[in-house]
Amino acid sequence: MLKFKGSLKISGDKSVSHRALILSAMGTGKAKITNLLESEDVMRTLNILKELGIKIVKDDDSWIVYGNGTGGFLEPKKSLNCGNSGTTARLMIGAVSSNPINCTFIGDESLSRRSMSRVTKHLEKIGATVHLTRKDYLPLIINGSEKLLPLMHNIQKPSAQIKSALIIAALNIHGKTKIIESIATRDHTERLLKFLNIKIKIKKIKNKATQIELNGPYEFKSKSIDIAGDPSSAAFFIVGALILPESRVTLKNIMLNPSRIAFIKILKKMGGKIKVKKTKQICGEDVGNITAEYSKLKGITIPANQSAYLIDEYPVISVAASQAKGRTIMKGLDELRYKESDRIKSIVLNLKKIGIDVHEVNNNLHILGKKIKVNKDVKIKSFGDHRIAMSFSILNTLHYNKLKIDDKKCINISYPDFTKHLNFLLQNK
Ligand code: S3P
């Protein structure tokens, strides 16, 4: 009988890895980054920074970034290829916008279907010239300027990528930039700025909105940055332990940022036996160990106001829901349509193939759990989406490898060690 057992240190957090590289490039002096996630997405950011004249070298297990200061990017000699990475594209478009250089951004097929105007419309308003060659999509050409205007931005869509792009741009804008987000999203950029002693003001304003105020341009000294484990990657093995009988795993050194671990509350509400123990703080983020064991799960309703905090975990929560007693309803998943794949479609199509009663109603997902074992091979379509491929790899452990995932290479986008870690934690006794 297969079960998940033992303990493991999960790879570094993807969101923080991108930000650690970008902010180190914009500081002055040498920054040593440890536990950087060496995934395809993060390497896209790293290579683009190199194209922009930043020296970055590997030194044993860490990376050394030689910062050029804010406004220190040089005009690249070739197009900046973001591959599959939305975070690279959005954050780097923001980063170059306040530098007097011209850049062309390109991406793979999936990224070239994802909106860029959600960021560029704000940058155009303050003086950047942007040419989106296909309406809303990559390739795009941006002519940045040192003279962008310090204005107020109202962000209506819940997106940490939009917010972070504007914060990073504002680091080299003269005067006060205000960024208002009506729905709070992950706050790693803000935390890292504080860790780097960059003075920004954050306050709650009316209707639960948050206002971030910057007064640039900034000059700051780089610092060593240690990156904690990625909670979104840990989520796969947490759900694995919850659904596979007799399992118990401990995932160590996980970042416990409240905007990232809402899935734990949700899984606990479903009856999941999960314990979280804070052990330390690194670089402005709480860090700790998470233990999860096999549990009898029940269906619940997840309200729409949670969606910004669960955005990357819905695929694996859907896997948990497929094994729960009763119906799980996840509301307000609109943004899930615009990820690496249309994740509502990817989840529905694949769970249906396994025989689960699942349907979408106006961007809400309804899943009726059912303990079934497939007895012949079922083809799972990942749509090149890493989180879909990993979520169904977890469900596959219940089906004795009968789920045949068409593309597992895409897992390298966010978690190259996933298969190694899966095999390490899986016991067959
Ligand atoms: C990310 C933000 C999220 C998330 C993505 C990483 C980030 O996207 O889905 O995997 O690092 O800022 P949005 O907040 O833009 O939806």
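As shown above, the structure is provided for reference.
Residues numbered from 1 in each chain as written. Predicted model: local features only at pLDDT ≥ 70, side-chain atom pairs only at ≥ 80, totals over all residues. Heavy atoms only, no water.

Undergrad: Where do I start with the sheet that holds strand S1 (residues 2-9) in this structure?
TA: Strand pairing in a sheet takes place through backbone hydrogen bonds and is either antiparallel or parallel in direction. Pairing is mixed across the open sheet formed by 5 strands, whose spatial order is S15-S16-S14-S1-S23. A strand with exactly one partner marks an edge of an open sheet, and here the two such strands are strand S15 (273-282) and strand S23 (426-428). The average undirected angle you get between the axes of adjacent strands in this sheet is 25°. (Pairing = 2+ DSSP bridges. Helix = DSSP H or I, 4+ residues; strand = E, 2+ residues; numbered from the N terminus. Axes fitted to C-alpha atoms, helices over the stretch in contact; angles between N-to-C directions.)

Undergrad: Help me understand a positive patch on the surface, please; the structure alone is not making it clear to me.
TA: Where like charges cluster on the molecular surface, the positive patch consists of Lys273, Lys296, Lys371 and Lys373. Positionally, lysine 373 belongs in the loop between strand S20 (364-368) and strand S21 (378-380). Taking relative accessible area as the criterion, lysine 373 reaches 51% and is therefore assigned exposed. (Patch = residues over 30% accessible without salt bridge, like charges linked within 9 Å, V, L, I, M, F, W, Y side chains within 5 Å. Areas by Shrake-Rupley, 256 points an atom, 1.4 Å probe, with all protein chains shown as cover. Salt bridge = Lys/Arg side-chain N within 4 Å of Asp/Glu carboxyl O. Lys, Arg positive; Asp, Glu negative; His and termini not counted. Charge placed at Lys NZ, Arg CZ, Asp CG, Glu CD. Buried < 20%, exposed > 50% of the residue type's maximum accessible area, 1.4 Å probe, protein only.)

Undergrad: Could you clarify how one ought to interpret the side chain of threonine 120 in this entry?
TA: Relative to the elements of secondary structure, threonine 120 occurs in helix H4 (residues 117-125). For threonine 120, a relative accessible area of 0% puts it in the buried group. Contact partners of threonine 120, with chain neighbours within four places excluded, come to Ile93, Val130, Leu132 and Leu140. (Contact = heavy atoms within 4.5 Å.)

Undergrad: Honestly, the pattern of salt bridges in this entry has me stumped. Any pointers?
TA: Side-chain pairing between opposite charges can occur once the charged atoms of the two side chains come close. In this structure the tally under the stated criterion is 25 salt bridges. The closest approach of N and O atoms between arginine 191 and glutamate 285, which form a salt bridge, is 3.8 Å. A residue pair is termed long-range when its members are at least 10 positions apart, and arginine 191 in helix H6 (residues 188-195) and glutamate 285 in strand S16 (residues 285-293) qualify at 94 residues. For arginine 191, a relative accessible area of 24% gives the class partly exposed. Among the salt bridges present, the one from arginine 260 reaches aspartate 230, with a minimum N-O distance of 3.0 Å.

Undergrad: Help me understand the site of the ligand, please; the structure alone is not making it clear to me.
TA: Around the ligand, the structure places Lys14, Ser15, Arg19, Thr87, Ser159, Ala160, Gln161, Arg186, Ile311, Asp312 and Lys339. Take arginine 19: an N or O atom from its side chain is 2.6 Å from an oxygen atom of the ligand. Aspartate 312 is positioned such that a nitrogen or oxygen atom in its side chain is 2.7 Å from an oxygen atom of the ligand. Relative to its unbound accessible surface of 390 Å², the ligand loses 96% to contact with the protein. Of all the elements in the fold, those that place two or more residues in the shell around the ligand are helix H1 (14-26) and helix H5 (160-170). Among the elements that make up the shell around the ligand, the one with the highest residue count is H1 (3 residues). Counted by class, the shell around the ligand contains 2 nonpolar, 4 polar and 5 charged residues. (Near = heavy atom within 4 Å. Polar contact = N/O pair within 3.5 Å; in protein donor to acceptor, adjacent residues only side chain to side chain. Nonpolar A, V, L, I, M, F, W, Y, C, P; charged D, E, K, R; others polar.)

Undergrad: Sorry if this is basic, but what is going on with helix H10 (residues 314-322) here?
TA: Note: α-helices contain 3.6 residues per turn, so residues at a spacing of three or four share the same orientation. The buried count for H10 comes to 9 of 9 residues, which makes it a mostly enclosed element. Along H10, the positions that sit buried rather than exposed are Tyr314, Pro315, Val316, Ile317, Ser318, Val319, Ala320, Ala321 and Ser322.

Undergrad: Sorry if this is basic, but what is going on with H1 here?
TA: For H1, spanning 13 residues, the distance from its first C-alpha to its last is 19 Å, which sits close to the expected 18 Å at 1.5 Å a residue. Here H1 lies mainly inside the structure; 13 of its 13 residues are buried. For H1, the N-terminal cap is aspartate 13; the gap from its side-chain oxygen to the backbone nitrogen of serine 15 is 3.1 Å. (Expected span 1.5 Å × (residues − 1).)

Undergrad: Help me understand the environment of threonine 129 in this model?
TA: Tracing the chain through its elements places threonine 129 in strand S7 (residues 129-134). Using a relative accessible area of 45% as the deciding quantity, one classes threonine 129 as partly exposed. Considered as a pair, threonine 129 and serine 97 are 32 residues apart in the sequence and their alpha carbons are 8.7 Å apart. Every residue in contact with threonine 129, bar those within four places of it in the chain, is listed here: Ile141, Ile142 and Asn143.

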